[in-house]
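Summary of the model geometry
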Amino acid sequence: MTSVQLVSVTLALLLLAVSVLGAVIVTGRSVRRARQRRDARLAAEVRPLLIRLTGGDEDVEEVLRRLAALDRRRWNAVRASAVGLLGKVSGQGNAALTRLFEERGVARDAVADLSRRGSVRRARAATVLGLLRHAEAVPDLTRLLADRHPEVRTAAARALGRIAEPQAAGPLLDCLAGGRVPSDVVVQALIAIGPAARPALTKAMAHTAPEVRAIAAEVLGLIGSVGSVSALIRALTLDPSSDVRTRAARSLGRLGTPACLDALTDAVGLTYPTAVRAEAAGALGDVGAPAAVPALRALLADHHYRVAHHAARSLTRLGGPGTETLREAADGALGVRAAAHAREALAVLALAEGRHPARPAPAP
Amino acid sequence: MAIVLVAEDDPDIRDLIVFKLRQSGHTVVPVGDGRSALGKVRDQLPDIVLLDVMMPGMSGIDVCRELRRDQQTADLPIILLTARAQESDVSVGLAAGADDYIVKPFSPRVLADRVQSVLTRARA
């Protein structure tokens, strides 16, 4: 074969390959479009039933029976809508959708999907199990907290929060170490578990990872765990991590017992790090006890802006004695620095109460 | 019974609300975004407006503010609907002039009752 013939054959083969590839792409697109049109047609046919099931108060049995008996294609066409509605509707609508999912064996299929190779499928299955509050899936979902894909771990954590079984609290806290799941997702899940998460949270206060202790301290305050005040005071005074101490201060402010007031009053002292002092000054305002006024008054002239600022803002929340102290400071009784913070706090208070802030007196 | 304008970008939720409110005997005007909501309100002057907060282009809170600025719609009853349950978001919505606030997930029956309740208050 001459070189000219060789080039001609190569070009012909290349042309053929390009043509075949083009035909495959065009066919693929056509098939996909046809499938989308078919799914849209099927969804339009079935969606009204789904809406009736979700929005109907009574007599949904017939609608439920028809939806449960749908063939796979029709069900797949409205499955995404059904899952979406399940997450956005409560009450009877949610109960009706949950029954539909049970009758179609969706939970069983989702549990099987948790072990599939595709990460999207695993994450989607975790989401569905969470929406269905399928408690039997808790062990499998807990296992997914160690999945190699972050989106699967996050979906599993969210699902565990929706199911809210106390046994998930420990594993959820553990996965904070090394940032395996975003902390806000874990916090929401732990809040959803509520007081039943307290044993795991208390145990986590002794975890080796500071990020775990910090979130445990924060959540104990958010769930109103008054029985954890001693553990939080210990963290506030002794924990080596400044983040843990500031979060413990915030939680003590939320819990607001007399022991919290004493601990926070101590924590505004100079032996504590500045971040902790500032947080404690703010938390004293959350406690709302006028007994904190002397400690906060002393902070108005603090050299650290955040400490003085938080103290002034807290005084606005302590009623008459707090406001009186701010007025006194605004008049210059505690120095120029304290006057500036006090004036700002009084102006913010006036705006919050719908009044015009008083103009500061002109400088002499 | 009343004319209710429903602005919600999620078609499933929109259709569910439309179904529920029609079942309660209301005439419902559905739209899928904030700008269309403003246009429809000015065209049709509904008795009450139900606005999703998170909509593309113009949020429900922006629409609420616009409606409150316009003398023709300043007193129109408005209910905001959102997935955001934070206290601050509720405050922002109410400060924008909303009469009520419904958080997702919501019960369709309770939503219909709340619409009725706001309408009754507005007509009193």
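If you look chain B up in an unreviewed UniProt entry, it shows as Response regulatory domain-containing protein from Planomonospora alba.

Looking at an unreviewed UniProt entry, one finds chain A named HEAT repeat domain-containing protein and attributed to Planomonospora alba.

1. What about the overall build of chain A?
On a plain count of helices and strands, chain A comes out with 20 helices and zero strands. Rg of the C-alpha trace for chain A: 31 Å, well past the compact-globule value of 21 Å for 364 residues, more than 25% over. By the burial criterion, 42% of the 364 residues in chain A qualify as buried. The contacts in chain A between residues at least 6 apart in sequence include a share of 63% that link residues at least 24 apart.

2. Observations regarding the domain arrangement of chain A
Residue and element names in this part refer to chain A. Domain annotation for chain A reports domain 1 (166-287) and domain 2 (289-364). A C-alpha centroid distance of 28 Å is found between domain 1 and domain 2. Residue-level contacts link 11 residues of domain 1 with 15 residues of domain 2. For the side of domain 1 that touches domain 2, the element with the most residues is helix α16 (residues 274-287), which contributes eight residues. Partitioning the side of domain 1 that touches domain 2 into residue classes produces six nonpolar, four polar and one charged.

3. A few points about the environment of Ala177(A)
All names here are of chain A. Topologically, alanine 177 is positioned in the loop between α9 (169-174) and α10 (183-193). Between the alpha carbons of alanine 177 and alanine 192 there is a distance of 20 Å; along the sequence they are 15 residues apart. The contacts of alanine 177, once residues within four sequence positions are left out, are Ala209, Glu211 and Val212.

4. Quick notes on the UniProt feature "modified residue: 4-aspartylphosphate" (unreviewed entry) in chain B
Residue and element names in this part refer to chain B. Residues given the UniProt feature "modified residue: 4-aspartylphosphate" (unreviewed entry) here are Asp52. Topologically, aspartate 52 is positioned in strand β3 (residues 48-52). Residue aspartate 52 is classed as buried on the basis of its 26 C-beta neighbours within 10 Å. Excluding anything up to four places from it in sequence, aspartate 52 contacts Ala7, Glu8, Asp9, Gly60, Leu81 and Thr82.

5. Here we look at the interface of chain B and chain A
Where the parts come together, the accessible area they lose is often given as the size of the interface. With 14 residues of chain B at the contact, the number on the chain A side is 16 residues. Listing elements by their share of the side of chain B that touches chain A, those giving two or more residues are α1 (11-23) and α5 (108-123) of chain B. If you tally residues by element for the side of chain B that touches chain A, the top one is α1(B), at seven residues. In terms of residue class, the side of chain B that touches chain A is made up of seven nonpolar, two polar and five charged.

6. Examining the pairing of strand β4 (residues 78-82) of chain B
It is a general feature of regular strands that their side chains alternate between the two faces of the sheet. Residues and elements named next belong to chain B. Of all five residues that make up β4, five are buried, and the element is covered over most of its length. Bridge count between β3 and β4: four bridges; the pairing is parallel. Across the sheet, leucine 51 pairs through a bridge with leucine 80, a residue of β4. In this region the chain leaves β3, passes through helix α3 (residues 60-69) and returns to the parallel neighbour β4; the handedness of that crossover is right-handed.

7. Here we look at the sheet that holds β3(B)
Residues and elements named next belong to chain B. Taken together, the five strands give an open sheet; going across it, the order is β2-β1-β3-β4-β5, and neighbouring strands pair in parallel fashion. In this open sheet, the two strands that pair with only one neighbour each are β2 (27-31) and β5 (100-103). The average undirected angle you get between the axes of adjacent strands in this sheet is 20°. Inspection of the sheet shows strand β1 (residues 3-7) paired to β2 by five bridges, in the parallel sense. If you follow leucine 5 over to β2, its bridge partner there is valine 29. Each of β1, β3 and β4 touches α3; the most contacted strand, β3, lies at about 150° to it.

Conventions adopted
Within every chain, residues take consecutive numbers counted from 1 along the sequence as written. Starting at A for chains and at 1 for ligands, labels are handed out in the order in which the entities are written. Thresholds applied to this predicted model are a pLDDT of at least 70 for local features of residues and 80 or more for the giving and counting of side-chain atom pairs; totals over whole chains, interfaces and linings are not thresholded and use all residues. A helix here means a DSSP run of H or I that spans at least four residues, while a strand means a run of E at least two residues long, and both kinds are numbered starting from the N terminus. Radius of gyration: over C-alpha atoms. The globule rule applied is 2.2 Å multiplied by the number of residues raised to the 0.38 power. Exposure classes come from backbone-placed C-beta atoms, where a residue is buried if 20 or more other C-beta atoms lie within 10 Å of its own, exposed if 12 or fewer do, and partly exposed in between. Contact between residues is assigned whenever the C-beta positions, reconstructed from backbone atoms, fall within 7 Å. Residue ranges for the domains originate in an automatic or database domain assignment. We call Asp, Glu, Lys and Arg charged. Ala, Val, Leu, Ile, Met, Phe, Trp, Tyr, Cys and Pro are nonpolar, and the rest, Gly among them, are polar. UniProt positions are given in the numbering used here, feature names are shortened, and annotations may be inferred rather than shown by experiment. At least two DSSP bridges between two strands are needed for those strands to be called paired. With the strands pointing away from the viewer, any crossover whose connection runs clockwise from the first strand over the helix to the second is right-handed. The axes used here are C-alpha line fits, helices contributing only the stretch in contact, and every angle between their N-to-C directions lies in the interval 0 to 180 degrees.

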